[in-house]
Amino acid sequence: MTGRSQHLRAWAELLRLPALFTVPGDALAGASAVGLRPGRGTFLAIGSSLCLYEAGMALNDWADRAEDAVDRPHRPLPSGRIRPAAALAAAGGLTAAGLALAARAGRPAALAAGTLAATVWAYDLGLKKTPAGPVAMAAARGLDVLLGAAATSGRLYRAALPAATTLAAHTLAVTAVSRNETQGGDVKAPLGALAATLALTRITGRAPRLPAGRRVAAAPGLSGTTTAALAAAYAATAARPYFHAALNPSPPLTQRAVGGGIRAMIPLQAALTARAGAPRTALITAALAPLARRIAPKVSVT
């Protein structure tokens, strides 16, 4: 492997590139929740979300570089493959790019993106190691859904709140498990995440609930079947590794549970999109899952 290839690989590792597949579904779920087809604003929201997500990844490792030097010396910053100043600059540049893209989708989208960016920076620079850390991470995912809704519609719709809350609840569970992925030993977090997964599966797998004034033509039968199948896929992806981590909370199984929880985000987004009466968009979202699994079997949020 050449020096350039090694450098690019280090950046891919720093930015957790495979986890990017979990991002577009937020905007698509938000757009579907307000009864609109994905359009220019939706794609601007996706671009903004991708930038802000990557900014958070770079900032996360910059803030944790001293801790990682002890617990995870193989990571790009403590191993010396990427300079801390470069990671911090990347976080700043990606944040600016994300805000600029959202601003092109209108003032409501810019407001949502600004709140999201502030949450990301607050989490990485201070909240992560406090009891408020998982809540802040969950809020960021929920805000990402609202960003998609606002960018698509040009307004801040309450109709997107249920989808945002569902994805936030899932993120809260995953983040709670991830706080012990290097040490292991915690049974309560994976048990709680398992219970949350089963509850969210039951809620999300119900019959489609079309938004008022939906403009997307949808076949109720197709939406219902797709919703149920995707909700089952969500449960299958997340529940098993959580169960194993609860039985044996070792670091490897805890890390596997975190990876499963992250990958489960995609079928959950797809199920929410199908439940809103957009089965075709849901299937497009679901198609990202095998790509994420193929590229990286293990990812982390910490």
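A.B. asks: Can you lay out the overall build of the chain for me, pointing to particular residues and giving the numbers?
C.D. replies: Per the secondary structure count, the chain includes 13 helices and 0 strands. Ordered by position from the N terminus, the helices and strands of the chain form the series α-α-α-α-α-α-α-α-α-α-α-α-α. Its C-alpha radius of gyration of 18 Å places the chain within 12% of the 19 Å reference for a compact globule of 302 residues. The principal-axis extents of the C-alpha atoms in the chain amount to approximately 55 × 45 × 40 Å.

A.B. asks: How would you sum up empty space enclosed by the protein? Please name residues and give values.
C.D. replies: Space left empty within the atom packing is revealed by a probe, the size of a water molecule, rolled over the atoms. Enumeration over the complete set of coordinates arrives at 2 cavities of 30 Å³ or more. Along the walls of the largest cavity sit 24 residues, with Tyr 53, Met 57, Met 137, Ala 140 and Arg 141 positioned nearest its centre. Class assignment for the residues of the lining of the largest cavity results in 13 nonpolar, 7 polar and 4 charged.

A.B. asks: Break down the side chain of Thr 171 for me, with residues and values.
C.D. replies: Note on placement: Thr 171 falls in helix α8 (residues 161-178). Owing to a relative accessible area of 6%, Thr 171 belongs among the buried residues under this scheme. Those residues in contact with Thr 171 that sit more than four places away from it in its chain are Met 137, Ala 138, Arg 141 and Met 265.

A.B. asks: Break down helix α12 (residues 279-286) for me, with residues and values.
C.D. replies: Along α12, the residues that are buried comprise Pro 279, Thr 281, Ala 282, Thr 285 and Ala 286. Taken end-on, α12 shows its buried residues confined to a sector of 155°, consistent with a single buried face. Among the exposed residues of α12, those pointing more than 90 degrees away from its buried face are Arg 280 and Ile 284.

A.B. asks: Please provide a residue-by-residue account of the side chain of His 170, values included.
C.D. replies: Topologically, His 170 is positioned in helix α8. A polar contact is formed between the side chain of His 170 and the side chain of Tyr 234, at a distance of 3.0 Å. His 170 has contacts with Leu 200, Tyr 234, Tyr 242, Gly 261, Ala 264, Met 265 and Leu 268, leaving out every residue within four places of it along the chain.

A.B. asks: Quick rundown of unusual backbone geometry? Include the residues and the values.
C.D. replies: Positive phi values are uncommon outside glycine, yet Arg 16 reaches one of about 50°. Here Arg 16 is to be found in the loop between α1 (3-14) and α2 (24-33).

A.B. asks: Lay out the nonpolar core in plain terms, naming residues and giving numbers.
C.D. replies: Judged by nonpolar contacts, the single largest core of 47 residues is most densely connected at Leu 116, Leu 147, Ala 160, Leu 167, Val 177, Tyr 234 and Tyr 242. When contributions to this core are tallied by element, the ones reaching two or more residues are α2, α3 (40-63), α6 (107-125), α7 (133-153), α8, α9 (188-204), α10 (220-247) and α11 (251-275). Counting 11 residues, the second largest nonpolar core, distinct from the first, contains Ala 58, Leu 59, Ile 82 and Ala 90.

A.B. asks: I'd like to hear about α2, residue by residue, with values.
C.D. replies: Summarising burial for α2: 10 of the 10 residues are buried, a large majority. All of the buried residues along α2 are Pro 24, Gly 25, Asp 26, Ala 27, Leu 28, Ala 29, Gly 30, Ala 31, Ser 32 and Ala 33.

A.B. asks: Outline the environment of Pro 18, listing residues and values.
C.D. replies: Tracing the sequence through the fold places Pro 18 in the loop between α1 and α2. Residue Pro 18 is classed as buried on the basis of its relative accessible area of 15%. Sequence spacing of Pro 18 and Gly 3 is 15 residues, and the spatial spacing of their C-alpha atoms is 22 Å.

A.B. asks: Describe the packing of aromatic side chains, with residues and values.
C.D. replies: Under the definition given, this model contains 0 aromatic pairs. Directly above the aromatic system of Trp 62 lies the positively charged group of Arg 65, at a separation of 4.4 Å from the ring centroid.

A.B. asks: Report on the pattern of salt bridges, specifying residues and quantitative values.
C.D. replies: Charged atoms that come close allow side chains of opposite charge to pair. If you walk through the whole model with that rule in mind, you get 10 salt bridges. A salt bridge links Arg 81 to Glu 13; the shortest N-O distance between them is 3.1 Å. On the criterion of sequence distance, the pair formed by Arg 81 in the loop between α4 (65-71) and α5 (84-103) and Glu 13 in helix α1 is long-range, its members being 68 residues apart. A relative accessible area of 33% means that Arg 81 is categorised as partly exposed. Its relative accessible area of 29% is what places Glu 13 among the partly exposed residues. In this structure, Lys 129 and Glu 67 form a salt bridge, with 3.6 Å as the shortest nitrogen-oxygen distance. Highlighted residues: Lys 129 in the loop between α6 and α7 and Glu 67 in helix α4, separated in sequence by 62 residues. Among the charged side chains, a network of salt bridges with common partners joins Arg 16, Asp 61, Asp 64, Glu 67, Asp 68, Arg 72, Arg 75, Lys 128 and Lys 129.

A.B. asks: Lay out the environment of His 170 in plain terms, naming residues and giving numbers.
C.D. replies: Overall, His 170 belongs to the buried group, its relative accessible area being 1%. As for His 170 and Gln 183, which are separated by 13 residues in sequence, their C-alpha atoms are 22 Å apart.

A.B. asks: Describe the packing of α3 against α7, naming the residues involved and giving the relevant values.
C.D. replies: In a packed pair of helices, the relevant descriptors are the angle between the two axes and the axis-to-axis distance. With their axes 7 Å apart at the nearest point, α3 and α7 run at an angle of 155° to one another. Relative to α7, the element α3 lies roughly antiparallel. Like other packed secondary-structure pairs, α3 and α7 cross with a definite hand, here right-handed. Contacts from Gly 41, Thr 42, Ala 45, Ser 48, Ser 49 and Tyr 53 of α3 reach α7 at Arg 141, Asp 144, Leu 147, Gly 148, Ala 151 and Thr 152. Split by residue class, the contact of α3 with α7 holds 4 nonpolar, 6 polar and 2 charged.

Criteria and thresholds
Residues numbered from 1 in each chain as written. Predicted model: local features only at pLDDT ≥ 70, side-chain atom pairs only at ≥ 80, totals over all residues. Heavy atoms only, no water. Helix = DSSP H or I, 4+ residues; strand = E, 2+ residues; numbered from the N terminus. Rg over C-alpha atoms; globule rule 2.2 N^0.38 Å. 1 Å grid on protein atoms, 1.4 Å probe; cavity = no way out; pocket = protein on both sides within 12 Å on 5 of 7 lines; lining within 4 Å. Points joined across faces, edges and corners; volume = space filled by probe spheres on them. Nonpolar A, V, L, I, M, F, W, Y, C, P; charged D, E, K, R; others polar. Buried < 20%, exposed > 50% of the residue type's maximum accessible area, 1.4 Å probe, protein only. Contact = heavy atoms within 4.5 Å. Arc of directions from axis to C-beta. Polar contact = N/O pair within 3.5 Å; in protein donor to acceptor, adjacent residues only side chain to side chain. Core = buried A, V, L, I, M, F, W, Y, C linked by side-chain atoms within 4.5 Å. Phe/Tyr/Trp six-rings, centres within 6.5 Å; stacked < 30°, edge-to-face > 60°. Lys NZ or Arg CZ within 6 Å of the ring centre and 35° of its normal. Salt bridge = Lys/Arg side-chain N within 4 Å of Asp/Glu carboxyl O. Axes fitted to C-alpha atoms, helices over the stretch in contact; angles between N-to-C directions. Parallel < 35°, antiparallel > 145°, perpendicular 65-115°, else oblique. Left-handed = near helix turned anticlockwise from the far one by under 90°.

It is worth stressing that arrangement in space is one thing and function is another; only the former is reported here.
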